[in-house]
Every structure is written in C-alpha cells, then in structure tokens.
Amino acid sequence: MKSTQSADPQTLPLEEQLVGVNAKTGLYPGARSWSGGRFRILGKGPLESYCYHVMSRTCGGEVMFDEVEKEALRRVIWRMAEFSGIKVATYCIMGNHFHLLAEVPHRQTWLQRFEGPDGETRLFDHLRTLYSRAYLGLLRDELKDLRARGMAVLAEQRVDALKKRFCDLSLFVKEVKERFSRWFNKRRGRRGTLWMDRFKSVIVEGKGEALRTMAAYIDLNPVRAGLVKDPKDYRWCGYAEALGGSRRAQRGLCKALGKPVDGWKCAGAAAAYRCLLHAEGREVKDAQNEKVVRRGVSAESARAVLAKGGKLSPAELVHLRVRYFSDGVALGSQEFVEGLFMDQRQCFGPKRKLGSRRMTESDEPFYTLRQLRTRPLS
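Computed from a predicted structure; not experimentally measured.

Enquirer: Residues and numbers for the nonpolar core, please.
Expert: One finds Leu73, Leu100, Leu127, Phe166, Phe172, Phe180 and Trp264 to be the most contacted residues of the largest nonpolar core, which totals 87 residues. By residue number, the principal contributor to this core is helix α3 (residues 67–84), which donates 9 residues. The residues touching Phe166, leaving out its near neighbours within four places in the chain, are Phe83, Ser84, Arg107, Trp110, Leu111, Phe114, Leu123, His126 and Leu127.

Right, here's the structure in full:
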C-alpha cells in the first residue's frame, strides 16, 4: 500500500523544487497583481540612466537561505530585471540578505521600442517574459473587445498600466521580493513576512570609480563574511556567474568597469575586475600586524593575483565549469571529441553536423560534446 504522505519538497530534484519560481504569471497559484508602493526619491533627468546599490535583509536576519533558495532568488532577480527593463551590473545573494547593483534606464527612451504601428505587438512579445500564453490570450481578447465596443480609451489605459511597470526600481524590487516570498513560504511551510521593511538603496554615479568600487564591494561580500577565500568560489554572485560563462553577468560587469559591452575577454575586463577585487578586498590587520580586524583576501593571494595580471589559468577555468565533466559528456581536443561523436552518431539528431563545441571560457583548445548551460547549480 502506497503512503499518502507527500514527499519532502527539499528532497526533490532541483528543477522540481524551483517549478514555482519558473512558472509564469497566469499559471502560478496565488499570483497577485503588481500594486504600487510608497514613494521613494529616485534620480530623474532628461535622458539619463541611474545606477543604484540595493540591499534587503530578512526579518531580524534570522531566516537563512539554503543553496536551492539562493538559486531561486537569483532566477527571480534576472527574470524580473529582463521584464522590467532593469540592467543588473552585479549582485550577491547571502544567507539572509541580498545586494544588487542595478541600472535603471531613462523610462521614456526605453519605452520608444513599443511605439509605432507594431508597438503593441512588440509589447506583447516582451510580456511573454513574465506572463503565460493563456493570460496574454485573454488580455488580447479584452483589448479587442473594448475597442470593438468603442472604448478605445479604456483599452489604452489598460496598455498604459502595463507600461508603467517598466523602468521603476521600487516596483522591480517589490515584485522580486513578493514573488520569492510566496515560493519560499510554500517551500518552507511558513506564513508571514519574510523581508525586513522596504529595501535600502543608494544612488551611484553611473560610471567611473564609484561604480567600480560599489561592484567590487558587492562581489566581495562572501569573502568579508568568511564564506570563501576568493570571490570566484562563491556561486551566487555576479563575478562567479560571469566566470561561469553567463553573457548577461559579463556584460553587467563590463558596464561597471566602463568597458565595451562584450569586452569581458577581448577588452580585458575579466582580468581587470579580478585585479580590482583583490586590490580592494585585502584583509585589514591591527597596528601590530597580527590580528585580522577586517576579513578579506589574504595579502599573499592578492599579490599572486596581481602578479598574474588577474588572469586565471586554463585549469582554474575548467574547475569553475566542472559541469563540463557531467553535462558536457566529454572534454578534450577537437579531434578527440569529434571521434567520440562519430562513434555515437546515432545518439544525436540528423541536423547535428559537428560534435565538438569550443569551451569559450578557456584560451586553451578545449572542446566538449555538448553546449552547456550557465547556471550556478546543475
């Protein structure tokens, strides 16, 4: 006789545990509409974008996130950023709080993409980031019905209400916290508020030393907390995600460094940022140079990194992408991988012409049999 007791959610595979996080609005049980919050003073200019350091902590700092919960929050942040038009420069998710360095574009300039005869079609394409196909179908029917009944003004108001959710820092953070809270409470079987008050934010100059310093401060959090000795080894921060091959994380740090958007490797952004982290993140000792009064990167580690110009060895890059040994099926030279591909040709689709995939994270000629995902957790 089968047991009627449901399985412990925390024992399920990762993707099953994160199903609520990945669900789109219109399908997620208990989803709530986006409502406004209290007024917050934000930077405003004619054509300017503004950057903010955002921080929010759990109630009393007592609730501690495990690895799956950190991964869930990471996904919610990226997804809501894509929907809201917010650009993430870097982030760090700790056990009981998170940091986020975000660029909020000039709203009217960003909304120009939805103007013109095909503007509403492009708007609906964008809404697919967050909303289910079923919900968008109902919304299209609602707008069509309003216009057919001579209520075009009401239809435009409905569309404008959707557009007001874009490029708004307060609404973006509010939705991130609400969506994660609903999933978290369901997973833990708890009720009530998860986050302490509203988020804190500091406006940061969108270029130059201030932005670089703030990015480094965020990515150095796990080192300051004594969780890792090197920021590259903490999975839930923008720097580690960038080293793992995430283009969006790389572009965010290129923005923070003032490098070209795709200059992570070609413009030396990866090496420059690693040097910055080790120069800014050194541990501080007392006057007798004996007791550490502020944790950070050791002096020996900092000297070693700076001596190498911030470059990681091929072995270190491979280690950071250990999933190449599992998800990648095979790792080696192009000839080796192609040979395996031809031996197992029947296991791959007819459209597959080549078996090898270049491992872009390494300057060495390493190849894998499969193009890999860039999630911190496999």
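Alright, that's what it looks like, and here's the rest.
Enquirer: So what about helix α16 (residues 334–343)? Which residues, and what values?
Expert: All of the buried residues along α16 are Val337, Glu338 and Phe341. Projected down its long axis, α16 shows its buried positions confined to an angular sector of 100°, all on one face. Of the residues in α16, the exposed ones pointing more than 90 degrees away from the buried face are Glu335, Met342 and Asp343.

Enquirer: Please set out unusual backbone geometry residue by residue, giving values where relevant.
Expert: The backbone of Cys167 shows a phi angle near 55°, a positive value even though the residue is not glycine. Assignment of secondary structure puts Cys167 in the loop between α7 (152–163) and α8 (169–188). For Asp197, which is not glycine, the phi dihedral falls at a positive 55°. Within the element layout of this structure, Asp197 appears in the loop between α8 and β4 (200–204).

Enquirer: Break down the packing of aromatic side chains for me, citing the residues and quoting the values.
Expert: Considering all chains together, one arrives at 16 aromatic pairs under this definition. On the numbers, 5.3 Å between centres and 80° between planes, the contact of Phe65 with Phe180 is edge-to-face. One end of the pair, Phe65, is in the loop between β1 (50–57) and α3; the other, Phe180, is in helix α8, with 115 residues separating them in the sequence. When sorted by exposure, Phe65 lands in the same class as Phe180, which is buried. Relative to Trp195, the ring of Phe98 has its centre 5.5 Å away and its plane inclined at 85°; by these criteria the two rings are edge-to-face. Of this pair, Phe98 sits in strand β3 (residues 97–104) while Trp195 is found in the loop between α8 and β4, placing the two residues 97 residues apart along the sequence. In this structure, Phe98 and Trp195 share a single accessibility class: buried.

Enquirer: Which residues make up the pattern of salt bridges, and what values go with them?
Expert: The full count for this structure, using the stated rule, is 18 salt bridges. With a closest N to O distance of 2.9 Å, Arg149 and Asp145 form a salt bridge. Under the relative-accessibility criterion, Asp145 is labelled partly exposed at 36%. Glu175 is paired through a salt bridge with Arg179; the nearest N and O atoms lie 2.3 Å apart. Taken together, the residues Glu175 and Arg179, both in helix α8 and 4 residues apart, mark about one turn of the helix. Side by side, Glu175 and Arg179 carry an identical accessibility label, which is buried. Salt bridges sharing common partners tie together Glu71, Arg74, Arg75, Glu241 and Arg248.

Enquirer: Talk me through the packing of helix α6 (residues 133–148) against α7; I want residue IDs and the actual numbers.
Expert: Packing of α6 against α7 brings their axes to within 7 Å, and their N-to-C directions diverge by 150°. On the basis of the axis angle, α6 is roughly antiparallel to α7. In this structure, α6 meets α7 at a crossing whose hand is left-handed. Contacts between α6 and α7 involve Tyr135, Leu139, Glu142, Leu143, Leu146 and Arg147 on the former and, on the latter, Ala152, Leu154, Ala155, Glu156, Arg158, Val159 and Leu162. Its residues placed into classes, the contact of α6 with α7 shows 9 nonpolar, no polar and 4 charged.

Enquirer: Tell me about the pairing of β3, residues and numbers included.
Expert: Within β3, 8 of the 8 residues are buried, which leaves it mostly tucked inside the rest of the structure. Burial along β3 is two-sided: His97, His99, Leu101 and Glu103 facing one way and Phe98, Leu100, Ala102 and Val104 facing the other are all buried. Note: β1 against β3, 8 bridges, orientation antiparallel. If you follow Tyr52 over to β3, its bridge partner there is Ala102. Linking strand β2 (residues 87–93) back to β3 in an antiparallel pair, the connection comprises 3 residues.

Parameters at a glance
- The residue numbers shown here count from 1 along each chain, following its written sequence.
- Note on the predicted model: pLDDT of at least 70 is required for a residue's local features to be given, and 80 or more for side-chain atom pairs to be given and counted; whole-chain, interface and lining totals, by contrast, use all residues.
- Processing note: side-chain calculations cover all non-hydrogen atoms of the structure and skip hydrogens and water entirely.
- Working definition of a nonpolar core: buried Ala, Val, Leu, Ile, Met, Phe, Trp, Tyr and Cys residues. They are joined through side-chain atoms within 4.5 Å.
- Residue exposure (1.4 Å probe, protein chains only): buried if accessible area is under 20% of the type maximum, exposed if over 50%, otherwise partly exposed.
- Strands are runs of DSSP state E lasting at least two residues, helices are runs of H or I lasting at least four, and both sets are numbered from the N terminus onward.
- Whether two residues touch is decided by their heavy atoms; if any such pair falls within 4.5 Å, the residues are in contact.
- The arc in question is the one traced by the directions running from the helix axis out to the C-beta atoms.
- Aromatic pairing here means that ring centres of Phe, Tyr or Trp (its six-membered ring) are within 6.5 Å. Orientation follows from the plane angle: under 30 degrees is stacked, over 60 is edge-to-face, and everything else is tilted.
- What counts as a salt bridge is simple: a side-chain nitrogen of Lys or Arg found within 4 Å of a carboxyl oxygen of Asp or Glu.
- Interaxial angle, 0 to 180 degrees, is taken between N-to-C directions of lines fitted to C-alpha atoms, where a helix line uses only the stretch in contact.
- Angles are sorted into four bins: roughly parallel if under 35 degrees, roughly antiparallel if over 145, roughly perpendicular if 65 to 115, and oblique for all others.
- Two helices crossing with the near one rotated counterclockwise from the far one by less than a right angle form a left-handed crossing, whereas a clockwise rotation gives a right-handed crossing.
- Ten residue types, Ala, Val, Leu, Ile, Met, Phe, Trp, Tyr, Cys and Pro, are classed as nonpolar, four, Asp, Glu, Lys and Arg, as charged, and the remainder, Gly among them, as polar.
- Two strands qualify as a pair provided DSSP detects at least 2 bridges between them.

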